Amino acid sequence: MEQTFCTTCGSVVFMRAEGLKDALSVSVGCLEDPEFPPPTMLHWPHRKHKWLCLEGVPEAAAS
C-alpha cells in the first residue's frame, strides 16, 4: 500500500493498494465540499468505529 500524507498535519490524503490497481482511495475529510457524495461501499467493516452508522451502505465482499 502506498499512502500520501499532508506535509502540514500528517493526515492521510490518499492511498493506493497494489491489489486494487484501478482504485484510488481519497480521505474525504481532506475536502471542504459539504456536497461531497456519500459513500457507496464500506470496506473493512470489522474496523469501523462502533458509533459510525452507515445504514444502506453495502459492505464489500471479503476477499
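This is a predicted model, so every value here is computed, not measured.

Colleague: Account for a nonpolar patch on the surface, with residues named and values stated.
Modeller: A cluster of nonpolar side chains, namely Leu24, Val26, Val28, Leu31 and Phe36, defines an oily patch on the protein surface of about 410 Å² accessible area. Positionally, Val28 belongs in the segment after strand S3 (25-26).

Colleague: Talk me through the sheet that holds strand S1 (residues 2-5); I want residue IDs and the actual numbers.
Modeller: The strand order S1-S2-S3 describes an open sheet built from three strands, whose pairing is antiparallel. Each end of this open sheet is capped by a strand with a single partner; those strands are S1 and S3. Bridging between S1 and strand S2 (residues 12-16) involves four bridges; their strand directions are antiparallel. Paired with Gln3 across the two strands is Met15, which belongs to S2.

Colleague: Kindly report on the environment of Pro39, identifying the contributing residues and their values.
Modeller: Structurally, Pro39 can be placed in the segment after S3. Note: C-alpha distance between Pro39 and Leu52 (13 residues apart in sequence) is 13 Å.

Colleague: Talk me through the pattern of salt bridges; I want residue IDs and the actual numbers.
Modeller: As a working rule, side chains carrying opposite charge can pair if their charged atoms are close by. Taken as a whole, this structure holds one salt bridge when the rule is applied. In this structure, Glu2 and Arg16 form a salt bridge, with 3.9 Å as the shortest nitrogen-oxygen distance. Placement of the pair is Glu2 in strand S1 and Arg16 in strand S2, with a sequence separation of 14 residues. By relative accessible area, which is 41% here, Arg16 ends up partly exposed.

Colleague: So what's going on with the environment of Leu54? Which residues, and what values?
Modeller: Mapped onto the elements of the fold, Leu54 is located in the segment after S3. The sequence separation of Leu54 and Met41 amounts to 13 residues, and the corresponding C-alpha distance is 9.6 Å. Residues contacting Leu54, with those up to four places away along its chain left out, are Pro39, Leu42 and Lys48.

Colleague: For the pairing of S2, give the residues involved together with the corresponding values.
Modeller: As paired strands, S2 and S3 are joined by two bridges and run antiparallel to one another. Among the inter-strand pairings, Phe14 is bridged to a residue of S3, identified as Val26.

Rules of the game
- Residues numbered from 1 in each chain as written.
- Predicted model: local features only at pLDDT ≥ 70, side-chain atom pairs only at ≥ 80, totals over all residues.
- Heavy atoms only, no water.
- Patch = residues over 30% accessible without salt bridge, like charges linked within 9 Å, V, L, I, M, F, W, Y side chains within 5 Å.
- Areas by Shrake-Rupley, 256 points an atom, 1.4 Å probe, with all protein chains shown as cover.
- Salt bridge = Lys/Arg side-chain N within 4 Å of Asp/Glu carboxyl O.
- Helix = DSSP H or I, 4+ residues; strand = E, 2+ residues; numbered from the N terminus.
- Pairing = 2+ DSSP bridges.
- Buried < 20%, exposed > 50% of the residue type's maximum accessible area, 1.4 Å probe, protein only.
- Contact = heavy atoms within 4.5 Å.

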